[in-house]
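Listed below, chain by chain, are the residues.
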Amino acid sequence: MTAGTTDRTTDDGARERRREQRGWYFYDFACSVYSTSVVTVFLGPYLTSIAKAAADAEGFVHPLGIPVRAGSVFPYAVSVSVVVAILVMPFAGALADRTGRKKPLLAAAAYVGSAATTGMFLLDGHRYLLGALLLIVANASLAVSMVLYNAYLPQIAEPEERDAVSSRGWAFGYTSGALVLVVNLVVYSGHESFGLTEGEAVRICLASAGLWWGAWTVVPLRRLRDRKLSPAGEGAVGSGWRQLLATLRDMRRHPLTLAFLLAYLLYNDGVQTVISQASVYGSEELGLDQTTLITAVLLVQVLAVAGALGMGRLARVHGAKRTILASLAVWTLILVCGYFLPAGAPVWFFCLAAGIGLVLGGSQALSRSLFSHLVPRGKEAEYFSAYEMSDRGLSWLGPLVFGLAFQVTGSYRDAIISLVIFFALGFVLLARIPVRAAIAAAGNPVPDRV
């Protein structure tokens, strides 16, 4: 093979890699609207209001005869969705690596989640149980789809590209979240001029997130390609579970990778709980109206784009690990400020939202890219199922603690300050990990800056 032929082959490979990267970004663009409009803004307060409407004189609902304070229904549903997700994610990851067919599995998870979200249009009256069920299905589907989506990162980006590619993916997601929130704000704020009740406006905003998720998922499904990583086994389901057990045994040979997963599990639990409970905290504890909450989340989305890209650049200079550690210190400060935030003061809530936006995208994007260096080649989907389990696997604990704190004390302030422990422990564990040694132990090339 001549030098010219080699150069052309290299150029063709680089072009194909960039084409896949551009398609990959669009799954963040598709599904992030669910996290923003549904989980962060509308569903928490709306589901809580439905549960309150169905509650008895003491403020309790009784699903399956169990007394539950109406304000705890939403965080409890989030916790149950995580349990469902961790039962399905390992199987999806093992099956993807065994068959090399990530794309059909990604499509199935995405469209089940999209359908469940679109079905939230049906939530009215006292249908809090239907709302909880649709939330569980949509959240679990999103978690499974993210296992498969994240597993593409080490296949479509060279080691030195991954911080930037991962950060761009998050930036795409926050951009779409901001665009849809602008439309949501118009629909919700002007619902009377559109001939809609407040509840109908909320249900339209919820359903539109599902439609958006399904529509834009077409782009990555057209651009990404499957890679057959290992010979087909006997019976995909059984071999998938056997491969998963083998992977769990294999992961014991990479204790530093496991240490990173534990650190990520802790601090990301705090991140996810803040995201999912922020609107409930703002509406129930601070007495802020829905328009203020939507505007605050819109501010988060806009600044998160700059934050994700900016922290990606910081990582090129200081390394991903140091940049993540700095973001965890900022997260802790945000929670302390949130605890003392005065009620009925939207300006201070906007300041808090600005702080969240600046660290949110970057801390998540850099965690994903850093973990991609710790994955042995050929085990991307399975290891990313473990990563997503670290993302979701104990993220039931944060909402559960949040819900229990409110159930016991009746104060969301006590619940929000309890999350500091997740960031503090995650910081200590991550600081102790020799990242360069961990990458080398996984058999991967060590970038100049990590």
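Caption draft 1: Region of the structure containing the overall build of the protein. A tally of regular secondary structure across the protein gives 18 helices and two strands. Against the compact-globule benchmark of 22 Å for 450 residues, the protein has a radius of gyration of 22 Å, which places it among compact chains. The principal-axis extent of the C-alpha atoms belonging to the protein is close to 80 × 40 × 40 Å. Within the span of the protein, comprising 450 residues, buried residues form 58% of the whole. Separation of charge centres in the protein, based on 37 positive and 30 negative side chains, amounts to 9 Å.

Caption draft 2: Region of interest: a positive patch on the surface. Together, Arg18, Arg19, Arg22 and Arg222 make up a region of like positive charge exposed at the surface. Considering each element in turn, the positive patch owes the most residues, three residues, to helix α1 (residues 3–54). Considering the arrangement of structural elements, one finds Arg22 in helix α1. Since its relative accessible area comes to 43%, Arg22 is described here as partly exposed.

Caption draft 3: Seen up close, the state of the cysteines. On inspection of all chains with the given rule, the structure shows zero disulfides. Between Cys337, a free cysteine, and Cys351, which holds the nearest cysteine sulfur, the sulfur-to-sulfur gap is 9.7 Å. You can call Cys337 partly exposed: its relative accessible area is 38%.

Caption draft 4: Here's a closer look at the confidence of the model for the protein. Across the protein, the average pLDDT comes to 84, with 91% of residues at or above 70. Confidence drops under pLDDT 50 across residues 230–240; counting only partners more than four residues distant or on other chains, this segment forms 13 contacts.

Caption draft 5: Examining the pattern of salt bridges more closely. Inspection of every chain in the model, using the stated rule, returns eight salt bridges. With its nearest N and O atoms 3.3 Å apart, the salt bridge here joins Glu285 to Arg413. Placement of Glu285 in helix α10 (residues 255–285) and of Arg413 in helix α16 (residues 412–417) is noted, with a sequence separation of 128 residues between them. Each of the salt bridges in this network shares a partner with another, and the network as a whole consists of Glu16, Glu20 and Arg225.

Caption draft 6: Structural view of helix α7 (residues 198–216). The end-to-end C-alpha separation of α7 is 27 Å, in line with the 27 Å expected for 19 residues at 1.5 Å each. Those residues of α7 not exposed but buried are Ala201, Val202, Arg203, Cys205, Leu206, Ala207, Ala209, Gly210, Trp213 and Gly214.

Caption draft 7: Up close: the side chain of Arg368. Counting through the fold element by element, Arg368 comes out in helix α13 (residues 346–372). Filtering out sequence-adjacent residues up to four positions away, Arg368 remains in contact with Trp24, Asp28, Met146, Tyr149, Asn150, Leu153, Ser166, Gly169, Trp170, Phe384 and Tyr387.

Caption draft 8: Representation of the packing of helix α3 (residues 102–118) against α7. The contact between α3 and α7 brings their axes to 7 Å, and the two run at 160°. Between α3 and α7, the angle is such that the two are roughly antiparallel. The two elements α3 and α7 cross, and the hand of that crossing is left-handed. Counting all contacts with α3, which are made through Ala110, Tyr111, Gly113, Ser114, Thr117 and Thr118, the residues of α7 involved are Leu206, Ala207, Ala209, Gly210, Leu211, Trp213 and Gly214. For the contact of α3 with α7, the per-class residue count stands at seven nonpolar, six polar and no charged.

Caption draft 9: Representation of the side chain of Ser176 within the structure. The topology assignment puts Ser176 in helix α6 (residues 162–189). Judged by relative accessible area, which is 0%, Ser176 ranks as buried. A distance of 2.8 Å separates a polar atom in the side chain of Ser176 from the backbone oxygen of Phe29. In contact with Ser176, other than residues within four places in its own chain, are Asp28, Phe29, Ser32, Val33 and Trp212.

Caption draft 10: How the structure looks around the packing of helix α2 (residues 73–99) against helix α15 (residues 397–409). Running from N to C, α2 and α15 point in directions that differ by 155°, and their axes come no closer than 8 Å. Taken together, the axis directions place α2 and α15 in an arrangement best described as roughly antiparallel. Once α2 is placed against α15, the crossing between them reads as left-handed. Counted together, Pro75, Tyr76, Val78 and Ser79 of α2 and Pro399, Leu400, Gly403, Leu404 and Gln407 of α15 form the full contact between these two elements. Along the lines of polarity and charge, the residues of the contact of α2 with α15 split into six nonpolar, three polar and no charged.

Caption draft 11: Main features of the environment of Tyr46. In this fold, Tyr46 is placed in helix α1. Spatially, the C-alpha atoms of Tyr46 and Phe74 are 9.4 Å apart, while their sequence positions differ by 28 residues. Setting aside chain neighbours within four positions, we find Tyr46 in contact with Leu123, Asp124, Gly199, Val202, Arg203 and Leu206.

Caption draft 12: Up close: a nonpolar patch on the surface. The grouping of Val80, Val83, Val84, Leu87 and Val88 at the surface amounts to a nonpolar patch, some 380 Å² of accessible area in total. Tracing the backbone shows Val80 in helix α2.

Caption draft 13: Main features of the packing of aromatic side chains. Enumeration according to the criterion identifies 19 aromatic pairs in this entry. Ring geometry for Trp24 and Tyr25: centres 6.2 Å apart, planes at 65°, overall edge-to-face. Each of the two residues, Trp24 as well as Tyr25, counts as buried. A ring pair is formed by Phe26 and Phe172, whose centres lie 5.3 Å apart and whose planes are at 80°; its orientation type is edge-to-face.

What counts and what doesn't
Residues numbered from 1 in each chain as written. Predicted model: local features only at pLDDT ≥ 70, side-chain atom pairs only at ≥ 80, totals over all residues. Heavy atoms only, no water. Helix = DSSP H or I, 4+ residues; strand = E, 2+ residues; numbered from the N terminus. Rg over C-alpha atoms; globule rule 2.2 N^0.38 Å. Buried < 20%, exposed > 50% of the residue type's maximum accessible area, 1.4 Å probe, protein only. Lys, Arg positive; Asp, Glu negative; His and termini not counted. Charge placed at Lys NZ, Arg CZ, Asp CG, Glu CD. Patch = residues over 30% accessible without salt bridge, like charges linked within 9 Å, V, L, I, M, F, W, Y side chains within 5 Å. Areas by Shrake-Rupley, 256 points an atom, 1.4 Å probe, with all protein chains shown as cover. Salt bridge = Lys/Arg side-chain N within 4 Å of Asp/Glu carboxyl O. Disulfide = S-S within 2.5 Å. pLDDT = per-residue confidence, 0-100. Contact = heavy atoms within 4.5 Å. Expected span 1.5 Å × (residues − 1). Axes fitted to C-alpha atoms, helices over the stretch in contact; angles between N-to-C directions. Parallel < 35°, antiparallel > 145°, perpendicular 65-115°, else oblique. Left-handed = near helix turned anticlockwise from the far one by under 90°. Nonpolar A, V, L, I, M, F, W, Y, C, P; charged D, E, K, R; others polar. Polar contact = N/O pair within 3.5 Å; in protein donor to acceptor, adjacent residues only side chain to side chain. Phe/Tyr/Trp six-rings, centres within 6.5 Å; stacked < 30°, edge-to-face > 60°.

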